[in-house]
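This is what each chain is made of:
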Amino acid sequence: MMKKRYLAGVACLAISFTILLAACGSSGSDSSASAQPPADSENATTETPSDSSNEDAVFTSGTWLSDGGQYYFFDEGGTTGRTASLEDGTGVGFTYSMSGTEAIFSMGAADNASSCTVSRDGDTVILAWADGTTEHLTYVSEQGSDTFQFYSNQELADLALNFYQENNQDSQNLASAAQTNEDGSVSIQVYENLGDHNSTAAWYTVDRMTATGTDGAGNAVDLAG
């Protein structure tokens, strides 16, 4: 009788030990599985925002207008372009390279290099030059330097003077000058220099692309027509 009770006790002990081992094994599996999500999260943090920043910093090919008083024409391919002054239309060719948000422009010659930090917000690019100046470029056309047409301030001043002389008598000894307005239009004064002051003969405000606009009285004019 004692022997049977002894054997039964041993059997119960063995069963309890087996159940305990199974529970421990199950707990170990759950711990391993729960450790997996942090590993995924850790991998995700290795992605840097520089990828999107690099994409935003790329110059779209076409024509950009600078608040510094010139156009930038960026060629396809992302390495070359040229500038054109709003004042007289002159400019230089340039090459550029980018690394992240940093750009190096060589204006006119390889040894005339300037660096800047580039940031982009939609159709506007900000160039923070190494000398401390800041330049804002606004995208205005997909056309490049070979097809984009505009009138420089000097050209518009000449057109305005010719327009006035063709439509008015006693228009000798006159001169003209143009300035760019904040809204992008151009105002031209046709005047006579009297030494101590200028006597205005006419004012015109026109669009730089078409040379059309109004005179000082609000009448429509086409300086290139």
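Conventions used here
Residues numbered from 1 in each chain as written. Predicted model: local features only at pLDDT ≥ 70, side-chain atom pairs only at ≥ 80, totals over all residues. Heavy atoms only, no water. Helix = DSSP H or I, 4+ residues; strand = E, 2+ residues; numbered from the N terminus. Buried < 20%, exposed > 50% of the residue type's maximum accessible area, 1.4 Å probe, protein only. Contact = heavy atoms within 4.5 Å. Areas by Shrake-Rupley, 256 points an atom, 1.4 Å probe, with all protein chains shown as cover. pLDDT = per-residue confidence, 0-100. 1 Å grid on protein atoms, 1.4 Å probe; cavity = no way out; pocket = protein on both sides within 12 Å on 5 of 7 lines; lining within 4 Å. Points joined across faces, edges and corners; volume = space filled by probe spheres on them. Nonpolar A, V, L, I, M, F, W, Y, C, P; charged D, E, K, R; others polar. Expected span 1.5 Å × (residues − 1). Arc of directions from axis to C-beta. Phe/Tyr/Trp six-rings, centres within 6.5 Å; stacked < 30°, edge-to-face > 60°. Pairing = 2+ DSSP bridges. Core = buried A, V, L, I, M, F, W, Y, C linked by side-chain atoms within 4.5 Å. Axes fitted to C-alpha atoms, helices over the stretch in contact; angles between N-to-C directions.

**Observations concerning the overall build of the chain**
Scanning the chain from terminus to terminus reveals four helices and 13 strands. Counting the 225 residues in the chain, one finds 25% classified as buried. Put simply, of all contacts in the chain between residues at least 6 apart along the chain, 37% involve residues at least 24 apart. As displayed, the chain has an accessible area near 14,100 Å², and 50% of this comes from carbon and sulfur atoms.

**Quick word on the confidence of the model for the chain**
The share of residues in the chain with pLDDT of 70 or more is 75%, and the mean pLDDT across the chain is 81. Per-element averaging of pLDDT across the chain places helix 3 (residues 50–57) at the bottom with 44 and strand 12 (residues 212–215) at the top with 98.

**Thoughts on the layout of surface pockets**
What the largest pocket holds in volume is close to 240 Å³. Partitioning the lining of the largest pocket into residue classes produces four nonpolar, seven polar and three charged.

**Notes on helix 4 (residues 153–167)**
If you check helix 4, its first and last C-alpha atoms are 21 Å apart, about what 15 residues at 1.5 Å a residue would give, namely 21 Å. Every buried residue of helix 4 is accounted for by Asn153, Leu156, Ala157, Ala160, Leu161, Phe163 and Tyr164. Taken around the axis of helix 4, the buried residues stretch over an arc of 165°, which confines them to a single face. At its buried positions, helix 4 is contacted by strand 9 (174–180), strand 10 (186–193), strand 11 (198–206) and strand 13 (220–222).

**Notes on the packing of aromatic side chains**
Inspection of every chain in the model, using the stated rule, returns 21 aromatic pairs. Ring plane angle 90° and centroid distance 5.3 Å describe the contact between phenylalanine 74 and tyrosine 96, whose orientation is recorded as edge-to-face. Pair noted here: phenylalanine 74 is in strand 2 (residues 70–74) and tyrosine 96 is in strand 4 (residues 93–99), with a separation of 22 residues, a long-range link. Exposure remark for phenylalanine 74: the relative accessible area of 2% places this residue in the buried category. For tyrosine 96, a relative accessible area of 7% puts it in the buried group. Following the ring pairs from residue to residue traces out a cluster consisting of Phe59, Trp64, Tyr72, Phe74, Phe94, Tyr96, Phe105, Trp129 and Tyr139.

**Considerations on unusual backbone geometry**
Of note in the backbone geometry, alanine 211 takes a positive phi value of approximately 65° without being a glycine. Alanine 211 sits in the buried class, given a relative accessible area of 0%.

**Some details on the side chain of serine 106**
Along the chain, serine 106 falls in strand 5 (residues 102–107). With sequence-adjacent residues up to four places away left out, serine 106 is seen in contact with Gly93, Phe94, Thr95, Asn112 and Ala113.

**Quick word on the pairing of strand 1 (residues 62–66)**
Successive residues of a regular strand alternate their side chains across the two faces of the sheet. Within strand 1, four of the five residues are buried, leaving the element largely enclosed by the surrounding structure. Examined bridge by bridge, strand 1 and strand 2 share five bridges and lie antiparallel to one another. Residue pairing in the sheet places glycine 62 in a bridge with phenylalanine 74 of strand 2. Counting the residues that bridge the hairpin from strand 1 to strand 2 gives three residues, and of these glycine 69 lies at a positive phi of roughly 95°. With four bridges joining them, strand 1 and strand 8 (residues 134–141) adopt antiparallel strand pairing. Bridging from a neighbouring strand, threonine 63 pairs with serine 141 of strand 8.

**Quick word on the nonpolar core**
In terms of nonpolar packing, the biggest core is built from 16 residues, with Ile188, Val190, Tyr204, Val206 and Leu223 touching the most fellow members. Here this core gets six residues from one element, more than from any other, and that element is helix 4. Contact partners of valine 206, with chain neighbours within four places excluded, come to Leu156, Ser185, Val186, Ile188, Ala211, Thr212, Gly213, Val221 and Leu223. By size, the runner-up hydrophobic cluster in this structure holds 15 residues, among which are Trp64, Phe94, Tyr96 and Leu137.

**Side note on the sheet that holds strand 7 (residues 124–129)**
With antiparallel pairing, eight strands are arranged side by side around a closed barrel as 1-2-3-4-5-6-7-8. With strand direction ignored, the average angle separating the axes of adjacent strands in the sheet is 35°. The pairing of strand 3 (residues 80–85) with strand 4 spans three bridges and is antiparallel. Bridge pairing in strand 4 links glycine 81 to phenylalanine 94.

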